[in-house]
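Report on the structure
Below, each chain spelled out in residue letters.
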Amino acid sequence: MNRLIATSIFLATSSGPIAAQQMGYGESEFINSCAPCHGVRGKGDGRLATELQTAPSDLSLLSERNGDEFPYQLVIAIIDGRHIVPGHGEREMPVWGREFLDSDQSTFGATGGEAVTQERIHQLAEYIQTQQR
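Residues numbered from 1 in each chain as written. Predicted model: local features only at pLDDT ≥ 70, side-chain atom pairs only at ≥ 80, totals over all residues. Heavy atoms only, no water.

Taking an unreviewed UniProt entry as the reference, the chain is identified by name as Mono/diheme cytochrome c family protein belonging to Aminobacter carboxidus.

Okay, the packing of aromatic side chains next. The final tally for this structure, using the stated rule, is 2 aromatic pairs. Between Phe30 and Tyr127 the ring centres are 5.5 Å apart and the planes differ by 55°, which places this aromatic pair in the tilted class. Residue Phe30 is found in helix H3 (residues 25–38), and its partner Tyr127 is found in helix H5 (residues 96–130); the two are separated by 97 residues along the sequence. Judged on exposure class, the residue Phe30 and its partner Tyr127 are both buried. Across from the ring centre of Phe100, 3.9 Å away, lies the NZ or CZ of Arg120, which sits over that ring. (Phe/Tyr/Trp six-rings, centres within 6.5 Å; stacked < 30°, edge-to-face > 60°. Helix = DSSP H or I, 4+ residues; strand = E, 2+ residues; numbered from the N terminus. Buried < 20%, exposed > 50% of the residue type's maximum accessible area, 1.4 Å probe, protein only. Lys NZ or Arg CZ within 6 Å of the ring centre and 35° of its normal.)

On to a nonpolar patch on the surface. Residues Met23, Ile31 and Val40 make up a contiguous nonpolar surface patch of about 230 Å² in total accessible area. With respect to the helices and strands, the residue Ile31 is situated in helix H3. (Patch = residues over 30% accessible without salt bridge, like charges linked within 9 Å, V, L, I, M, F, W, Y side chains within 5 Å. Areas by Shrake-Rupley, 256 points an atom, 1.4 Å probe, with all protein chains shown as cover. Salt bridge = Lys/Arg side-chain N within 4 Å of Asp/Glu carboxyl O.)

Moving on, we come to the nonpolar core. Within the largest apolar cluster, 17 residues are counted, with the highest numbers of intra-cluster contacts made by Phe30, Val75, Ile79 and Ile128. Mapped onto this core, the elements with two or more residues apiece are H3, helix H4 (72–80) and H5. Broken down by element, this core gets its largest block of residues, 7 residues, from H5. Residue contacts for Ile128: discarding those within four places in its chain leaves Phe30, Leu59, Leu62, Phe70, Val75 and Ile79. (Core = buried A, V, L, I, M, F, W, Y, C linked by side-chain atoms within 4.5 Å. Contact = heavy atoms within 4.5 Å.)

Its place among the elements puts Ala35 in helix H3. Take Ala35: its relative accessible area is 9%, and that puts it in the buried class. For the pair Ala35 and Gly46, spaced 11 residues apart in sequence, the C-alpha to C-alpha distance is 5.7 Å. When near neighbours in sequence (up to four residues on either side) are disregarded, Ala35 contacts Phe30, Val40, Gly46 and Arg47.

The N-to-C vectors of H4 and H5 enclose an angle of 140°; their axes lie 9 Å apart at closest approach. Between H4 and H5, the crossing angle belongs to the class labelled oblique. In terms of crossing hand, the pair formed by H4 and H5 is right-handed. When H4 is examined against H5, the residues Tyr72, Val75, Ile76, Ile79 and Asp80 are found in contact with a partner set consisting of Trp96, Gly97, Ile121, His122, Leu124, Ala125, Glu126, Ile128 and Gln129. For the contact of H4 with H5, the per-class residue count stands at 9 nonpolar, 3 polar and 2 charged. (Axes fitted to C-alpha atoms, helices over the stretch in contact; angles between N-to-C directions. Parallel < 35°, antiparallel > 145°, perpendicular 65-115°, else oblique. Left-handed = near helix turned anticlockwise from the far one by under 90°. Nonpolar A, V, L, I, M, F, W, Y, C, P; charged D, E, K, R; others polar.)

This is the structure:
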C-alpha cells in the first residue's frame with residue numbers, strides 16, 4: 001500500500017478527521033501524543049513535563065543541535081521505538097510506533113495497519129521538522 005493511499009484511508013476513517021483536515025494530521029498527532037510532555041510548540045514545557053524524571057527535550061532545537069540539519073531518520077527511530085533516548089531512562093516516552101500499530105492493525109489488518117502506522121510516524125516527524133528555529 002503506498003503512502004498516499006495509507007494516508008487517505010487513515011484520514012477518512014480516523015476518529016479525528018475534522019481536526020486532522022483543519023490543522024494537518026502531523027500537527028494533530030503532535031498535539032495528541034507529544035504536546036502533553038513536549039509542549040504545544042515542542043519546547044519541552046508541556047503540562048506533564050514536571051511529572052517526568054527527566055525534562056522533555058526542546059524539539060525546536062533538533063536541527064540546531066545536529067549541524068543545522070533536521071535528523072529525520074533519528075526522529076522516526078525515536079518515535080517508533082528503535083532508538084532509545086538516554087534521557088528517557090527506562091523509556092518514559094511511549095513507543096508510539098507500537099501504540100499506533102496496535103490500533104491501526106485492528107482497523108486495517110496487518111499489512112494495512114503497518115502502512116498507516118508508518119504514515120502517521122512520517123507525518124508526525126514532518127510536523128516536528130516545521131517547528132525548528
